[in-house]
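# Descriptive structure summary
Read off the chains here:
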Amino acid sequence: MPGLLRGIARTAVVSGTATAVSNRVSRRQAGRWAEQDAQQQMLQQPQTTASAPPPDEMGSTIDKLKELGTLKAQGVLTEEEFATQKRKILG
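What this report covers is the structure whose coordinates are included nearby.

Cut-offs and rules
- Sequence order sets the numbering: in each chain, residues are counted from 1 along the sequence as written.
- Only residues with pLDDT of at least 70 get local features here, since the model is predicted, and only at 80 or more are side-chain atom pairs given and counted; chain-wide, interface and lining totals rely on the full set of residues.
- Side-chain descriptors were evaluated using all non-hydrogen atoms of the structure, hydrogens and water having been removed beforehand.
- Working definition: helices are DSSP H or I runs of at least four residues, strands are E runs of at least two. Numbering for both runs from the N terminus.
- Relative accessibility under 20% of the residue-type maximum defines a buried residue, over 50% an exposed one, and the middle range a partly exposed one, all with a 1.4 Å probe and only protein chains included.
- Reported accessibility uses the Shrake-Rupley method at a 1.4 Å probe radius. Residues are deemed covered only where the shown protein chains occlude them.
- Within the patch definition used here, like charges are joined within 9 Å and nonpolar side chains (Val, Leu, Ile, Met, Phe, Trp, Tyr) within 5 Å, considering only residues with over 30% relative accessible area and no salt bridge.
- When a carboxyl oxygen of Asp or Glu is within 4 Å of a side-chain nitrogen of Lys or Arg, the pair counts as a salt bridge.
- Each residue after the first adds 1.5 Å to the expected span of a helix.
- Neither His nor the chain ends is counted toward charge; the positive residues are Lys and Arg and the negative residues Asp and Glu.
- Each charge is placed at NZ for Lys, CZ for Arg, CG for Asp and CD for Glu.

When helices and strands are counted, the chain shows three helices and zero strands. Starting at the N terminus and walking to the C terminus, you meet the elements of the chain as α-α-α. Per-residue burial for the chain yields a buried fraction of 3% across its 91 residues. Working note: accessible area of the chain is about 8100 Å², and carbon and sulfur atoms make up 58% of it.

This is the structure:
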């Protein structure tokens, strides 16, 4: 009977060790994959931002002026405030 218990105990220790090692390897590999994914995303980001079209400056200026005109028409801005903001937008 003592030989049987010793065999069961040895099997339990080997099994526990194997499980612990397997879990550690899995965690380490998952960390490496996450690191590789992060590096790939960082390498791809500049390419995506570089290929984006530049904003239309004239269109944004016109939109800002229209918004100022709307605010002036609603009475939110005075004539002086409108003129000051318009000068800022037009440079």
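Right, picking up where we left off after that structure.
Take a nonpolar patch on the surface next. Side chains of M1, L4, L5 and I8 sit close together on the surface and give an oily, nonpolar patch of about 480 Å² of accessible area. Note on placement: I8 falls in helix α1 (residues 2–51).

The subject of this paragraph is helix α3 (residues 79–90). With 12 residues, α3 extends 16 Å from end C-alpha to end C-alpha; this agrees with the ideal 16 Å at 1.5 Å per step. Backbone geometry just downstream of α3 places G91 in the positive-phi region, at approximately 85°.

What follows is about the environment of E81. Turning to its location among the elements, E81 is positioned in helix α3. Overall, the relative accessible area of 38% leaves E81 in the partly exposed class.

Turning our attention to the environment of G69. For G69, the position within the fold is in helix α2 (residues 57–73). C-alpha separation for the pair G69 and K86, spaced 17 residues apart in sequence, amounts to 9.4 Å.

What follows concerns a positive patch on the surface. Judged by side-chain charge, R24, R27, R28 and R32 come together as a positively charged surface patch. In this fold, R28 is placed in helix α1. Judged by its relative accessible area of 43%, R28 is partly exposed.

Another aspect to go through is the pattern of salt bridges. This structure, assessed with the given rule, holds one salt bridge. Between K72 and E79 there is a salt bridge whose closest N-O contact spans 2.9 Å. Given a relative accessible area of 31%, K72 falls into the partly exposed group. Take E79: its relative accessible area is 49%, and that puts it in the partly exposed class.

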